[in-house]
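# Remarks on the overall topology
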Amino acid sequence: MASKDVIFQRLLERGFYPRELPPTFRTVKFGSLLASKPAYLKPQKDFSGETVFLDGATFQGNHRTFGVINPINYALLSEFLAENWSDVEKVMAISQFSAFKVVFPDNVTVGGRAFQRSSFSGKLKKQAYLSSAYPSVVHLDINRFYGSIYSHSIPWAALGKPEALKQHKAKTLEKHWSAELDRLVRACNRNQTIGIPIGPDTSRVVSELVLSRIDHELKKNGPGLKKRQVFHNIDDYEIGVENTTEAERVIARFEKEIRKFELRSHDGKTGVISGELPENLRWEPKFNLLKGLEDEEFLDGLFALLASERDAYPGSNVVGYGLSRFAKKIASCSDKELSLRHLQTLLYSSPRFVSWVAPLFVGLKGGDDLDQPQKRMLRWGVEECSRRHDIVSLLWFLYMHLQFDLKLSKALKKLCFEVESVLVDLVLAHADHNGLVKGGFAEALGRYQNASLGSSAWLFLYESEARGWKSAVSAKKIGQSEDPKKFFKLMNDNDVHFYDVSAFGVSAFPWSLGENDFYPSHEDTEDWLDFDEIDVGEDEDEDYFFY
């Protein structure tokens, strides 16, 4: 079992940002510093900062809103979870249905996110079992799950709602650890009680606490559901039933239990399937047909399959699966120009696939300059994502501009600035510092001059000042009166960063790809990268797989 120090440090180092963002968005020395100075957080106890929100398109094309928590509040929340981990684990253990178990490695150096993720192969096996063991399978989903979580339901989850309400009435609830967790979660965004950010690993822990109690109630109440009858992965539930009557009863019970926690089901995603293979099992085996194919035949076959299956199954992340599974084989194909052309065509079909394409594109180009069609594609991506307000994908296209020293025109800079995103502005400031923004980035001076480190602008303010990007903000913020207990001064004095300017090249990506993988090979190379440990169904039942 991991120690509290390991849990604390891993949450700070590996769980701070949503995994959807480019490699530059990661913390540097944040975990190691605060792990050695936990007492420093105590004066910050009552601080409540703003969360930075940003939209990003899912593989289906619709948007979800991610969040980046103020580092003071994130550190306080992480420290509390680490200190009380045994109590948190006890609550999560009451679920017999969850496919997602939060398990921390026993040391800080183990790669990946803060804790292990759900298994895609495990999901396929469970889905196959349910479809063969029961005449019908009920599919259920919680509507806007992360955005609907009521922070006061955390004590309900820890104690059971009746007991929590009883203690609240007796004014003894505040002595229970779950009440403090409720307060810390609220403090992450100006004490709001509805919704938690999508992305930080702390949110995954909080959400699993609530779902564990719902699972427990589903099994306990009424006739009870059997352990192997239910598959639950985040807010996505699949329940085997024997007939229509039982299906209706299960749906009604599910709605009743989640309503106790101020949640609602997603009517559009509630359904009953009988005698059919689950969607994932209909397209996934087709990729086995690519084994044995080489070079041009393999590339043409793979990308044709990606095109057909993503259109046939828009509810599954076919592109993420295919590029992840065959990344090393794509990298080692002898015809790199053909590989690049296929990747460029894929991006033109939808810029939201950029997070999967970027690592392969960077590796295949190596140290070569971009040709004109490739420059056109990256500029098109910035323009298209700005217009769509797909901030996550826009960040990836801007990251590629930095990777290849590709300049941004005044028109593209204007489009990016009009998006009004702290993270986009930070990347623009980085590009400007590297001489890649035509006309400079003086616009930032007006936008951030009067912002504070407690606001959602903290990331831009801290990084631009700590790195000496004078053209971004002229007024000093770090260590001044608005720096809460001089927290950011401590970070700056110890060279802590929340944006890594060195995170470029193949080694920056958390895939298992290295420079040597981008050389021709005739081996039937197939690598799952981190796909088997990637999140599934993270929000609104979207199988959105990430690094």
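Residues numbered from 1 in each chain as written. Predicted model: local features only at pLDDT ≥ 70, side-chain atom pairs only at ≥ 80, totals over all residues. Heavy atoms only, no water.

## A few points about the packing of helix α16 (residues 336-349) against helix α17 (residues 354-365)
Threshold: Whenever a helix is involved, its axis is fitted only over the stretch in contact; in every case the axis is a line through C-alpha atoms, and angles between N-to-C directions fall within 0 to 180 degrees. In DSSP terms, a helix is any run of H or I states spanning at least four residues, a strand is any run of E spanning at least two, and both are numbered starting from the N terminus. Between 65 and 115 degrees an angle is taken as roughly perpendicular, under 35 as roughly parallel, over 145 as roughly antiparallel, and anywhere else as oblique. Take the far helix as the reference: if the near one is turned anticlockwise from it by less than a right angle, the crossing is left-handed, and if turned clockwise, right-handed. Two residues qualify as a contact provided that any one of their heavy atoms is within 4.5 Å of a heavy atom in the partner residue. Each residue gets one of three labels, nonpolar for Ala, Val, Leu, Ile, Met, Phe, Trp, Tyr, Cys and Pro, charged for Asp, Glu, Lys and Arg, and polar for the others, Gly among them.
The N-to-C vectors of α16 and α17 enclose an angle of 155°; their axes lie 10 Å apart at closest approach. Classified by the angle between their axes, α16 and α17 sit roughly antiparallel to one another. Relative to α17, the crossing made by α16 is left-handed. For the pair α16 and α17, contact is made by Lys 336, Ser 339, Leu 340, Leu 343, Gln 344, Leu 346 and Leu 347 and by Val 354, Val 357, Leu 360, Phe 361, Leu 364 and Lys 365, respectively. Split by residue class, the contact of α16 with α17 holds nine nonpolar, two polar and two charged.

## What to know about the sheet that holds strand β6 (residues 271-274)
What counts, and what does not: In short, DSSP must find at least two bridges between two strands for them to pair.
The strand order β4-β5-β3-β6 describes an open sheet built from four strands, whose pairing is antiparallel. Edge positions in the open sheet fall to β4 (230-233) and β6, since each of these has one partner strand only. Pairwise comparison of adjacent strand axes, ignoring direction, gives a mean angle of 20° for this sheet. In this sheet, strand β5 (residues 236-241) lies alongside β4 in antiparallel orientation, the contact comprising four bridges. Within the sheet, the bridge partner assigned to Phe 231 lies in β5 and is Glu 238. Docked against the sheet, helix α5 (residues 120-133) engages β3 (136-141), β4 and β5, running at close to 30° with respect to β5.

## Overview of the confidence of the model for the protein
Selection rule: Per-residue confidence from the predictor is given as pLDDT, running between 0 and 100.
Per-residue confidence for the protein gives a mean pLDDT of 90, with 94% of residues at or over 70. α5 is the least confidently modelled element of the protein, averaging 85 in pLDDT, while helix α19 (residues 391-403) averages 98, the highest of any element. This stretch, residues 528-547, has a pLDDT under 50; its non-local contacts, to residues over four places away or in other chains, come to 101 contacts.

## Comments concerning the environment of Lys 375
Quick reminder of the rule: Think of it in three bands: residues with accessible area under 20% of the maximum for their type are buried, residues over 50% are exposed, and the middle band is partly exposed, with areas taken using a 1.4 Å probe on protein chains only.
Looking at where Lys 375 falls in the secondary structure, it is placed in helix α18 (residues 372-388). On the accessibility criterion, Lys 375 (24% relative accessible area) is partly exposed. Separated by 130 residues in sequence, Lys 375 and Gly 505 place their C-alpha atoms 18 Å apart. Beyond its immediate chain neighbours, meaning those up to four positions away, Lys 375 contacts Leu 370 and Leu 406.

## What about a negative patch on the surface?
What counts is decided by this rule: A residue counts toward a patch only above 30% relative accessible area and without a salt bridge, and it is joined to like-charged neighbours within 9 Å or, for Val, Leu, Ile, Met, Phe, Trp and Tyr, to nonpolar neighbours within 5 Å. Each accessible area is a Shrake-Rupley estimate made with a 1.4 Å probe; only the visible protein chains count as cover when residues are assessed. Throughout this description, the term salt bridge denotes a Lys or Arg side-chain nitrogen within 4 Å of a carboxyl oxygen of Asp or Glu. For the charge count, each Lys or Arg is scored as positive and each Asp or Glu as negative, with His and the chain ends excluded. Charge positions are represented by NZ for Lys, CZ for Arg, CG for Asp and CD for Glu.
A cluster of acidic residues, Glu 296, Glu 297, Asp 300, Asp 335, Glu 337, Asp 368, Asp 369 and Asp 371, forms a negative patch at the surface. Here the element with the most residues in the negative patch is helix α13 (residues 295-312); it accounts for three residues. Structurally, the position occupied by Glu 296 is in helix α13.

## Observations concerning the pattern of salt bridges
Counting across every chain of the model gives 24 salt bridges. For the salt bridge of Arg 387 with Glu 383, the shortest nitrogen-to-oxygen distance reads 3.0 Å. A residue pair is termed a helical-turn pair when its members lie 3 or 4 positions apart in one helix, as Arg 387 and Glu 383 do in helix α18 at four residues. Residue Arg 387 is classed as exposed on the basis of its relative accessible area, which comes to 56%. Put simply, Arg 213, Glu 217 and Lys 220 are held in one network by salt bridges that share partners.

## Brief notes about the pairing of β3
Extensive coverage of β3 is indicated by the burial of five of its six residues. With six bridges joining them, β3 and β5 adopt antiparallel strand pairing. Its bridge partner lying in β5, Val 138 is registered against Ile 239. Relative to β6, β3 runs antiparallel, the two sharing four bridges. Pairing of Ser 136 across the sheet is with Ser 274, part of β6.

## Considering the packing of α13 against helix α14 (residues 318-325)
Running from amino to carboxyl end, α13 crosses α14 at an angle of 160°, the nearest separation of the two axes being 9 Å. With respect to each other, α13 and α14 are oriented roughly antiparallel. Note on packing geometry: the crossing formed by α13 with α14 is right-handed. For the pair α13 and α14, contact is made by Leu 302, Phe 303, Leu 306, Glu 309 and Arg 310 and by Val 318, Val 319, Gly 322 and Leu 323, respectively. Grouping the constituent residues of the contact of α13 with α14 by class yields six nonpolar, one polar and two charged.

## Things to note about unusual backbone geometry
A positive phi angle, close to 45°, is found at Arg 144, a residue other than glycine. In this structure, Arg 144 sits in the loop between β3 and α6 (145-148). Look at Arg 190: it is not a glycine, yet its phi comes out positive at around 55°.

## Section: the nonpolar core
Our working rule: Each nonpolar core is a collection of buried residues, namely Ala, Val, Leu, Ile, Met, Phe, Trp, Tyr and Cys, held together in the definition by side-chain atoms within 4.5 Å.
If you look at the biggest cluster of nonpolar residues, it comprises 174 residues, and the most contacted ones within it are Phe 25, Phe 30, Phe 287, Leu 323, Met 491 and Phe 498. Here this core takes 10 residues from α19, the largest share from any one element. In this structure, Met 491 is in contact with Phe 30, Leu 33, Leu 34, Tyr 462, Val 496 and Phe 498, ignoring residues within four places of it in sequence.

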